[in-house]
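Summary of structural features
The residues making up each chain are set out below.
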Amino acid sequence: MKPIVVGSRAFFSGMEGFRSKDKDFIILESNPIGYKWRREQSLRGICTFFYKLEPAIDMIRRTISNGDPLLVGKFLVPEFANAIGATIDDIRQLEKLVLLLDDKHAYYKVIFNAYISNNAFNLTDEQRDAAFKLYQEAREIDNKRKK
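Next up on the list: the overall build of the protein. Helix and strand content of the protein: 7 helices and 4 strands. From first element to last, N terminus to C terminus, the protein shows the α and β order β-α-β-β-β-α-α-α-α-α-α. Radius of gyration (C-alpha) of the protein: 15 Å, near the 15 Å computed for a compact globule of 147 residues. By principal-axis analysis of the C-alpha atoms, the protein measures approximately 40 × 35 × 25 Å. A total of 147 residues make up the protein; the buried ones form 41% of that total. Sequence-distant contacts, at least 24 apart, represent 57% of the contacts inside the protein between residues at least 6 apart. Counting only carbon and sulfur atoms, one obtains 49% of the accessible surface of the protein, whose full area is about 8,700 Å². With 24 positive and 20 negative side-chain charges, the protein shows a separation of 6 Å between the mean positions of the two kinds.

So this is what it looks like as structure tokens:
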């Protein structure tokens, strides 16, 4: 299966002022070798996440039991959701993890809530702009802390 763009690039590529420090991809594999559920590989600003392709409900269950809110983001990427057959009703189960997201990833909350409100994996221009604004604000604060 071809790599699926995830992370901020999946939502904000092409928007004026968007800059990402890395590129994130997911590769779904039917028969993974060397791992059972997922593995990560980072090399020169490219992060590749390999996941065992399973039914959406199983992937969501594993994500919830893992307890890491950052893992929610992949389910918000329409191409990923489509590839695993996830529905809006399926992702509703991730709400407890969404509530645990840090400020740097608060834009996922906006996207999650928009999808629930829209009952579809799409954003209005206003919803996308609101998510992007949170993304930019969090990066500005983070950059100021690093100086």
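Along its 13 residues, helix α6 (residues 106-118) runs 19 Å from first to last C-alpha, staying within 8% of the 18 Å computed at 1.5 Å per residue. Of all the residues in α6, the buried ones are A106, Y107, Y108, I111, F112, A114 and Y115. Where α6 terminates, the next one or two residues include N119, which has phi positive at roughly 55°.

Further remarks concern the packing of aromatic side chains. Applying the stated rule across the entire model yields 14 aromatic pairs. A centroid spacing of 5.9 Å and a plane angle of 85° characterise the contact between W37 and Y51, whose relative ring orientation is edge-to-face. Placement of the pair is W37 in the loop between β2 (23-29) and β3 (38-43) and Y51 in strand β4 (residues 46-52), with a sequence separation of 14 residues. No difference in accessibility class separates W37 from Y51, as the two residues are buried. Aromatic pair Y107 and Y108: ring centres 4.6 Å apart, planes at 45°, arrangement tilted.

On to the pattern of salt bridges, then. Applying the stated rule across the entire model yields 7 salt bridges. Among the salt bridges present, the one from D22 reaches K21, with a minimum N-O distance of 3.7 Å. Given the relative accessible area of 68%, K21 is considered exposed. Here E54 ties to R62 by a salt bridge, and the two come within 2.9 Å at their closest N and O atoms. Among the residues examined, R62 registers a relative accessible area of 32% and is labelled partly exposed.

On to the sheet that holds strand β1 (residues 4-6). Taken together, the 4 strands give an open sheet; going across it, the order is β1-β2-β4-β3, and neighbouring strands pair in mixed fashion. Of all the strands in the sheet, the pair left with one neighbour each is β1 and β3. Along the sheet, successive strands turn relative to each other by an average axial angle of 25°, direction set aside. Note: β2 against β4, 7 bridges, orientation parallel. When the bridges of β4 are listed, K23 appears paired with I46.

Within the secondary structure, D22 sits in the loop between α1 (8-12) and β2. Aside from chain neighbours lying at most four places away, what touches D22 is R9, G45 and C47.

The rules behind the values
- Residues numbered from 1 in each chain as written.
- Predicted model: local features only at pLDDT ≥ 70, side-chain atom pairs only at ≥ 80, totals over all residues.
- Heavy atoms only, no water.
- Helix = DSSP H or I, 4+ residues; strand = E, 2+ residues; numbered from the N terminus.
- Rg over C-alpha atoms; globule rule 2.2 N^0.38 Å.
- Buried < 20%, exposed > 50% of the residue type's maximum accessible area, 1.4 Å probe, protein only.
- Contact = heavy atoms within 4.5 Å.
- Areas by Shrake-Rupley, 256 points an atom, 1.4 Å probe, with all protein chains shown as cover.
- Lys, Arg positive; Asp, Glu negative; His and termini not counted.
- Charge placed at Lys NZ, Arg CZ, Asp CG, Glu CD.
- Expected span 1.5 Å × (residues − 1).
- Phe/Tyr/Trp six-rings, centres within 6.5 Å; stacked < 30°, edge-to-face > 60°.
- Salt bridge = Lys/Arg side-chain N within 4 Å of Asp/Glu carboxyl O.
- Pairing = 2+ DSSP bridges.
- Axes fitted to C-alpha atoms, helices over the stretch in contact; angles between N-to-C directions.

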